[in-house]
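One letter stands for each residue in the lines below.
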Amino acid sequence: MSSFVPQTADHRDDRVPTRWTRPVQNLTLVCSLLFVAGTALQNFVVIDLRAMEEMMRLAGATQAQAQADAPGFLTGFRIVGCVYLVGNAVGLLARTGRTWVFWTALAVNVTQAAGLVMIPPEVFEATRDRFGVPGLLPSYVTDGGAALLAVVLLAVLLRYRRPWAYRRIPAP
C-alpha cells in the first residue's frame with residue numbers, strides 16, 4: 001500500500017491512504033468535471049443579456065433600468081462564473097493527493113453550495129420561463145452537487161483529521 005502514496009511536493013511520510021482515499025479523490029474528480037461543465041453552461045449559455053434583463057425586470061427594475069444595468073451585471077456574473085470554472089478545474093487534480101487541491105476543492109464547493117440560498121429567486125424564475133426545467137439543471141447540479149461534495153469532504157476531514165482520508169502513521 002505504501003506505493004499508493006503519491007510523490008508530491010507536499011507529500012509527508014507520516015500519512016498512508018485508507019480504503020476511502022481513492023474513492024474520495026475519484027468522487028471529487030468526477031464532481032469537478034460535472035461542475036466545470038455546469039458552470040460553463042450556466043455562465044455562457046443560460047445566463048445571457050436577455051436573461052439578465054428579464055431577471056432585473058422580475059426584481060422590480062423598469063425596462064429602461066434593466067437595459068442600462070444588465071450589461072454590467074452580466075460582466076460581473078461572468079467574472080464570478082469564471083472564478084468558479086477555474087476553482088472547479090482544480091478539483092480535476094484530486095487524484096494527485098495534494099493537500100492544497102483538497103483545501104481548494106473544499107473552499108470552492110462550500111462557497112458554490114451557498115448559491116442554493118444566495119441566488120435570487122428571479123434567476124430561477126427567468127431561467128424556467130425561458131428554458132423550462134432543463135435550464136435549471138446546471139445551477140441545481142453545480143450548487144446542489146457542491147453542497148453534497150462539501151459534506152463528504154468535511155466528513156472525511158472530521159473522520160481522518162487530514163485531507164483525502166489519509167491516515168497518520170503512528171510515530172515509532
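Look up a bit, the structure's there.
Please read these numbers as outputs of a predicted model, since none were measured by experiment.

1. Things to note about the pattern of salt bridges
For the coordinates displayed, the defined rule picks out 2 salt bridges. Of the charged contacts, one joins R130 and D48 as a salt bridge, the two residues approaching to 2.6 Å between their closest N and O atoms. Pair noted here: R130 is in helix 6 (residues 121-131) and D48 is in the loop between helix 1 (21-46) and helix 2 (49-58), with a separation of 82 residues, a long-range link. On the basis of relative accessible area, R130 is assigned to the partly exposed category, the value being 28%. Here E54 ties to R57 by a salt bridge, and the two come within 2.9 Å at their closest N and O atoms. One end of the pair is E54 and the other is R57, both in helix 2 and 3 residues apart, which spans about a single turn. Judged by relative accessible area, E54 falls into the partly exposed class, the value being 27%.

2. Things to note about the layout of surface pockets
Roughly 630 Å³ of volume is contained in the largest pocket. Together, 26 residues line the largest pocket, and Q42, F77, V80, I119 and P120 are the ones closest to its centre. Those elements that place two or more of their residues in the lining of the largest pocket are helix 1, helix 2, helix 3 (63-90), helix 4 (99-113), helix 5 (115-118), helix 6 and helix 7 (133-160). Considering every element that reaches the lining of the largest pocket, the biggest residue donor is helix 3, with 6 residues. A breakdown of the residues in the lining of the largest pocket according to their chemical character gives 14 nonpolar, 10 polar and 2 charged.

3. A word on unusual backbone geometry
Unlike most non-glycine residues, W164 shows phi in positive territory, near 60°. Here W164 lies in the loop between helix 7 and strand 2 (166-168). Unusually for a residue other than glycine, A165 sits at a positive phi of about 60°. Residue placement: A165 occurs in the loop between helix 7 and strand 2. Given the relative accessible area of 0%, A165 is considered buried.

4. Focus: a nonpolar patch on the surface
Together, V30, L34, L137 and V141 make up an exposed nonpolar region whose accessible area comes to about 340 Å². Those elements that provide at least two residues to the nonpolar patch are helix 1 and helix 7. Its place among the elements puts L34 in helix 1.

What counts, and at which threshold
- Residues numbered from 1 in each chain as written.
- Predicted model: local features only at pLDDT ≥ 70, side-chain atom pairs only at ≥ 80, totals over all residues.
- Heavy atoms only, no water.
- Salt bridge = Lys/Arg side-chain N within 4 Å of Asp/Glu carboxyl O.
- Helix = DSSP H or I, 4+ residues; strand = E, 2+ residues; numbered from the N terminus.
- Buried < 20%, exposed > 50% of the residue type's maximum accessible area, 1.4 Å probe, protein only.
- 1 Å grid on protein atoms, 1.4 Å probe; cavity = no way out; pocket = protein on both sides within 12 Å on 5 of 7 lines; lining within 4 Å.
- Points joined across faces, edges and corners; volume = space filled by probe spheres on them.
- Nonpolar A, V, L, I, M, F, W, Y, C, P; charged D, E, K, R; others polar.
- Patch = residues over 30% accessible without salt bridge, like charges linked within 9 Å, V, L, I, M, F, W, Y side chains within 5 Å.
- Areas by Shrake-Rupley, 256 points an atom, 1.4 Å probe, with all protein chains shown as cover.

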